Amino acid sequence: MELQQMRYVVAVAETGGFTRAAERCHVVQSALSHQIARLEKELGARLFDRTSRSVRLTAAGEVFVPVARQALQAAERARAEVEAATGEVRGRLAVGAISTVAAVDLARELGVFRTRYPKVRISLQMEMSDPLIEKVREGVLDVAFVGLVPSARTVGVREKELARGELVAIVPPGHPLARQEWTTLSRLAREIFVDFTAGSAARRQRDEAFRAAGLTSEVAFEVTTVEFLAKLVRAGLGVGMVPEAIASELSGLHIVRVRPAPERTERVVWSGLGPSPAAAAFLEGLGIGLGPGRDPGERGGIRGSGAGESYGAAGGG
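Now for a quick tour of the structure.

Conventions adopted
- Residues numbered from 1 in each chain as written.
- Predicted model: local features only at pLDDT ≥ 70, side-chain atom pairs only at ≥ 80, totals over all residues.
- Heavy atoms only, no water.
- Helix = DSSP H or I, 4+ residues; strand = E, 2+ residues; numbered from the N terminus.
- Buried < 20%, exposed > 50% of the residue type's maximum accessible area, 1.4 Å probe, protein only.
- Contact = heavy atoms within 4.5 Å.
- Areas by Shrake-Rupley, 256 points an atom, 1.4 Å probe, with all protein chains shown as cover.
- Axes fitted to C-alpha atoms, helices over the stretch in contact; angles between N-to-C directions.
- Parallel < 35°, antiparallel > 145°, perpendicular 65-115°, else oblique.
- Left-handed = near helix turned anticlockwise from the far one by under 90°.
- Nonpolar A, V, L, I, M, F, W, Y, C, P; charged D, E, K, R; others polar.
- Polar contact = N/O pair within 3.5 Å; in protein donor to acceptor, adjacent residues only side chain to side chain.
- Pairing = 2+ DSSP bridges.

Looking at the overall build of the chain
Piece 1. Assigned secondary structure in the chain consists of eleven helices and twelve strands.
Piece 2. Per-residue burial over the chain gives 45% buried out of 317 residues.
Piece 3. The contacts in the chain between residues at least 6 apart in sequence include a share of 71% that link residues at least 24 apart.
Piece 4. Carbon together with sulfur atoms contributes 51% to the accessible area of the chain, which is approximately 15,600 Å² in total.

Listed below in structure tokens is the structure:
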């Protein structure tokens with residue numbers, strides 16, 4: 001069993017086809033198919049069910065792919081550790097983030113990091129908190145910025161709280177609440193809501209506050225990004241609730257504070273096995289110390305506490 005064979009299997013599983021997988025791996029399809037067939041023969045089991053229209057994982061493939069991913073990540077991690085030991089940070093930095101990340105100027109921090117570590121391959125995925133945490137746990141992502149209710153507990157990852165804040169209501173111009181600075185949850189409960197998808201961490205931040213107050217609400221529009229949530233609210237289709245730090249950046253909407261206000265924490269999470277050299281350098285750059293005997297986050301680096309300055313001269317001032 002070879003790493004390249006595992007790489008081909010994972011590529012087929014992720015792209016859904018042999019042709020696209022070959023294109024991703026920069027090989028001809030016949031070579032990729034031949035290597036997968038060799039691996040299946042060695043394993044004594046088919047990994048894919050192939051038809052003229054689709055390629056699907058078999059039961060054997062379903063259990064093989066996650067382990068193959070781990071093996072590939074371990075090999076890449078081993079290479080990165082050796083390179084770091086020789087004084088050069090290379091490898092990958094796979095970052096995940098929610099669309100409402102506010103504690104860190106992520107675009108700036110990634111730009112600063114690329115300037116300082118040009119040989120690291122950087123990628124970014126925007127998604128909801130729960131799948132981001134799962135991807136960190138599986139090793140698909142190295143670091144993720146998520147938003148959770150304060151009582152939420154993460155499993156299988158390490159974390160650092162970056163900020164804690166409240167949700168505010170956002171309403172379109174002309175809405176009766178647009179003339180008010182404050183409102184209550186019971187008043188908001190009479191509104192139609194634009195909100196994040198049911199079951200998501202972002203949705204739970206509001207749902208739990210309403211539940212604790214003995215209230216229910218009607219959600220007619222479910223979205224996955226704050227940008228589209230704001231667009232629907234501007235169109236007068238409903239009201240929304242977003243973190244206060246994000247609300248101030250949404251144009252054309254009125255902010256209304258709420259009592260009692262739903263709370264949320266913004267956290268950064270990374271592998272429970274410890275960060276890769278690139279991830280460690282990124283976290284250190286944010287001021288999240290990882291050295292022996294040090295408390296993560298003992299230095300500045302979060303917005304409002306010197307964010308972006310901990311990379312020094314590499315940060316462009």
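The discussion continues.
Thoughts on the packing of helix α5 (residues 106-116) against helix α11 (residues 277-285)
Piece 1. One can describe the packing of α5 onto α11 by two numbers: an axis separation of 11 Å at closest approach and a directional angle of 120°. With respect to each other, α5 and α11 are oriented oblique. Crossing geometry of α5 relative to α11 is assigned as right-handed. Between α5 and α11, the residues in contact are Leu106, Glu109, Leu110 and Phe113 and Ala278, Ala281 and Phe282, respectively.
Piece 2. When grouped by side-chain class, the residues that make up the contact of α5 with α11 number six nonpolar, no polar and one charged.

A word on the side chain of Thr100
Piece 1. Tracing the backbone shows Thr100 in the loop between β3 (91-97) and α5.
Piece 2. Under the relative-accessibility criterion, Thr100 is labelled buried at 7%.
Piece 3. Polar contacts involving the side chain of Thr100 include one to the side chain of Arg264, which spans 3.0 Å.

With respect to the pairing of strand β12 (residues 263-271)
Piece 1. Summarising burial for β12: eight of the nine residues are buried, a large majority.
Piece 2. Summarising the sheet, strand β5 (residues 143-148) and β12 pair through six bridges and their orientation is antiparallel. Each residue of the ladder has a partner; that of Val143, found in β12, is Trp270.
Piece 3. Pairing geometry for strand β6 (residues 157-171) and β12, over nine bridges, is antiparallel. Bridging from a neighbouring strand, Ala163 pairs with Glu266 of β12.

Any functional reading would require information beyond the geometric quantities listed.
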